[in-house]
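Listed here are the chains, written in short residue letters.
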Amino acid sequence: MIRLSLLFMLTLITLKMAAQQQYDTFFKDSTLRMDLILAGNDKSMQVYLHAYSKSEGWAGRRHNLSNQQNLGHGLAVMRDAATGEIIYSTVCSALFSEWQATDEAKEVQKAFQQVLLFPFPKKKAFITIEFRGYDGVYHTYLQAPVDPSDLLIRPKSEMTYKKEVIQKNGSSAQCVDIVYVAEGYTEGEQDKFFADARRLNADLFAHEPFDKLKNKFNVTAVAAVSSESGTSHPGKGVWKNTLLDAHYDTFYSSRYLMSNQMIAINDAIAGVPYEQIIVVVNTPVYGGGGIFNSHTMISADDKLSNIIVVHEFAHAFAGLADEYYYPGDVMENFYNKKIEPWEENITTLVDFDRKWKDMLPKDAAIPTKLTENSKLTLGVYEGGGYATLGIYRPMQDCRMNTNKAKTFCPVCQRALIRVVDYLTK
Ligand SMILES: [Zn+2]
């Protein structure tokens, strides 16, 4: 037994060394930030390179470099220019893609900001940005060269905002780095922000499965300063001058609290190691949002913020789908029911083998009828992903469904654990 475990340890160490070697071959210990503009309407999309910048240190993974999990609406791939070899890939999901499903997108062309982070290449490279169409197939929208000696790559230094390390469990390579950033907090409200960030973080890590994974996360809070306190609430005629331009009524949906200023958000935390951003908005009104591999936004003081932060972070961290639906929802066709969606916690049954079939008993009824007895049983229940028909969820209730749910369903828990493993192992 001892010999076996020693062998296992040695294999693990060898694998880690090989991954680090691969990282060192292609990358410096710094970050290349790619700012993009995504523009278009309901039917078309254009992607433009806005700017590159550089900051010291790389907080992302140093293994699984070119290996991605087939998650996300979009994909950003970095290739070595000389050989064409894929040297890094990452998820590229955007608020713009959600907007494309709105009525407004049928009427007008709009532009949205998007920010992506890459390890800084040692040699010339190129990045392709791909997005899935409604048919689920990736299409390339941009191919951009990267020359590491390009004199227009702006160095970004750390902002002078006050910071607090909330938890530190290891190096950036070993841990997922989360940064909480303040929005709508004035200089005199920085202590309130740190208290809010600590409280929301405690709520997040009190929740399954994050409670068991806490030692895999580093957490820092950055008290970015706004000129005015609070946030904009257009539906109530309230506009505030805040650093990150967050507001309710995103896409005319009253509770959707978001910002299109991804460049300002990333500027506020430049130089701080981060892989996940949680923007804490200084407001007591219910609201928030989460975009996969982009950011989470959360109202600080609503009585349900302790739950919403977990739900929205699950969107941003693991790309989990909403499991809720309403009859007559305008988003009924958000998902194409003729293909299997990439999100791990919903299925159209087109390719259920890829989903949670392995977690069900062999004789399980698929789909599963909802009865009093099946309330807490894993199954395949119709209704989810905003649609009453044709999309199925794993359990009657889940953190990705209602605020009343006690926790995530087992399928969502597994998906969250998989992402933590992918980023840290
Ligand atoms: Zn779930």
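Residues numbered from 1 in each chain as written. Predicted model: local features only at pLDDT ≥ 70, side-chain atom pairs only at ≥ 80, totals over all residues.

### What to know about the overall build of the protein chain
Looking only at helices and strands, the protein chain has 7 helices and 16 strands in total. Per-residue burial for the protein chain yields a buried fraction of 42% across its 425 residues. Partitioning the contacts of the protein chain with sequence separation of at least 6, the portion at a separation of at least 24 is 64%. (Helix = DSSP H or I, 4+ residues; strand = E, 2+ residues; numbered from the N terminus. Buried ≥ 20, exposed ≤ 12 C-beta atoms within 10 Å, placed from the backbone. Contact = placed C-beta atoms within 7 Å.)

### Focus: the pairing of strand E3 (residues 74-80)
Within E3, 6 of the 7 residues are buried, which leaves the element mostly enclosed by the surrounding structure. With 7 bridges connecting them, E3 and strand E6 (residues 125-132) associate as antiparallel partners. Along E6, the bridge assignment pairs valine 77 with threonine 128. Across 5 bridges, E3 lies against strand E4 (residues 86-91) in antiparallel orientation. Looking at the pairing, valine 77 lines up with serine 89 of E4. In textbook terms, the turn of a hairpin is the stretch between consecutive antiparallel strands, and for E3 and E4 this stretch comprises 5 residues, one of which, glycine 84, has a positive phi near 80°. (Pairing = 2+ DSSP bridges.)

### Things to note about the sheet that holds E4
Across the sheet, 4 strands lie side by side as E4-E3-E6-E7; this open sheet has antiparallel pairing. At either end of the open sheet lies a strand with only one pairing partner, and these are E4 and strand E7 (138-146). Taking the axes of each pair of neighbouring strands and ignoring which way they run, one obtains an average angle of 20° across the sheet. (Axes fitted to C-alpha atoms, helices over the stretch in contact; angles between N-to-C directions.)

### A short note on the domain arrangement of the protein chain
Domain annotation for the protein chain reports domain 1 (21-155), domain 2 (162-318) and domain 3 (329-403). Each of domain 1 and domain 2 has a C-alpha centre, and these two points are 23 Å apart. Domain 1 puts 21 residues into the contact, and the matching count from domain 2 is 19 residues. For the side of domain 1 that touches domain 2, the elements supplying multiple residues, two or more each, are strand E1 (27-40), strand E2 (45-56), E4, helix H2 (95-99) and strand E5 (110-121). Of the residues forming the side of domain 1 that touches domain 2, the biggest block, 4 residues, is contributed by E5. (Domains from an automatic or database assignment.)

### Concerning the nonpolar core
As a rule of thumb, nonpolar side chains are buried together in soluble globular proteins. Counting residues in hydrophobic clusters, the biggest one holds 101 residues, and the most contacted among them are Val181, Val222, Val279, Val280, Ala314 and Cys412. Considering each element in turn, this core owes the most residues, 8 residues, to helix H6 (residues 305-318). Those residues in contact with alanine 314, other than ones at most four positions away along the chain, are Leu320, Arg399, Met400, Cys412 and Leu416. (Core = buried A, V, L, I, M, F, W, Y, C linked by C-beta atoms within 7 Å.)

### Here's the deal with the packing of helix H3 (residues 190-205) against H6
Taken N-terminus to C-terminus, the directions of H3 and H6 make an angle of 65°; their axes are 9 Å apart at the nearest point. As the angle between them shows, H3 and H6 are arranged roughly perpendicular. Like other packed secondary-structure pairs, H3 and H6 cross with a definite hand, here right-handed. Between H3, through Leu200, Asp203 and Leu204, and H6, the contact on the second element is made entirely by Ser305, Asn306, Val309, Val310 and Phe313. (Parallel < 35°, antiparallel > 145°, perpendicular 65-115°, else oblique. Left-handed = near helix turned anticlockwise from the far one by under 90°.)

### Some words on the packing of H6 against helix H7 (residues 410-424)
Between H6 and H7, whose axes approach to 10 Å, the crossing angle comes to 50°. Here H6 lies oblique to H7, going by the angle between them. Crossing hand, H6 versus H7: left-handed. Contacts between H6 and H7 involve Ala314, Phe317 and Ala318 from the first element and Cys412, Ala415, Leu416 and Val419 from the second. Of the residues in the contact of H6 with H7, the class split is 7 nonpolar, no polar and no charged. (Nonpolar A, V, L, I, M, F, W, Y, C, P; charged D, E, K, R; others polar.)

### Observations regarding the sheet that holds E2
With mixed pairing, the 4 strands of this open sheet are ordered in space as E5-E1-E2-E8. Strands at the two margins of the open sheet, each flanked by one partner only, are E5 and strand E8 (154-155).

### Quick word on unusual backbone geometry
Excluding glycine, residues mostly carry a negative phi; peptide bonds, for their part, are mostly trans. Each neighbour pair has its own omega, and for glutamate 208 with proline 209 the value is -5°, a cis peptide bond. For proline 209, the location among the structural elements is in the loop between H3 and helix H4 (210-213). In this structure, the amide linkage connecting isoleucine 366 to the following residue, proline 367, adopts the cis form with an omega of -5°. We note that tyrosine 252 has phi near 65°; this positive angle belongs to a residue other than glycine. Here tyrosine 252 is to be found in the loop between strand E11 (217-223) and helix H5 (262-268). Within the chain, tyrosine 386 stands out as a residue other than glycine whose phi angle is a positive 75°. Looking at the secondary structure, you find tyrosine 386 in the loop between strand E15 (381-384) and strand E16 (387-393). Residue classification places tyrosine 386 among the buried residues on the basis of 21 C-beta atoms within 10 Å.

### Let's talk about H7
An α-helix turns once per 3.6 residues; consequently, residues spaced three or four apart project the same way. A rise of 1.5 Å per residue sets the reference length of H7, with its 15 residues, at 21 Å; its end C-alpha atoms lie 21 Å apart and thus fit the reference within 8%. Buried within H7 are the following residues: Val411, Cys412, Ala415, Leu416, Val419 and Leu423. Seen along its axis, H7 keeps its buried residues to an arc of 140°; they face one direction. At its buried positions, H7 is contacted by strand E10 (176-183) and H6. (Expected span 1.5 Å × (residues − 1). Arc of directions from axis to C-beta.)

### Let's talk about the environment of proline 121
On the secondary structure map, proline 121 appears in strand E5. On the basis of neighbour counts, which here come to 22 C-beta atoms within 10 Å, the residue proline 121 falls in the buried class. Proline 121 sits 203 residues away from tyrosine 324 along the chain, and the two C-alpha atoms are 42 Å apart. What proline 121 contacts, discounting residues up to four positions off in sequence, is Phe26, Phe27, Leu32, Met78, Val146 and Pro148.

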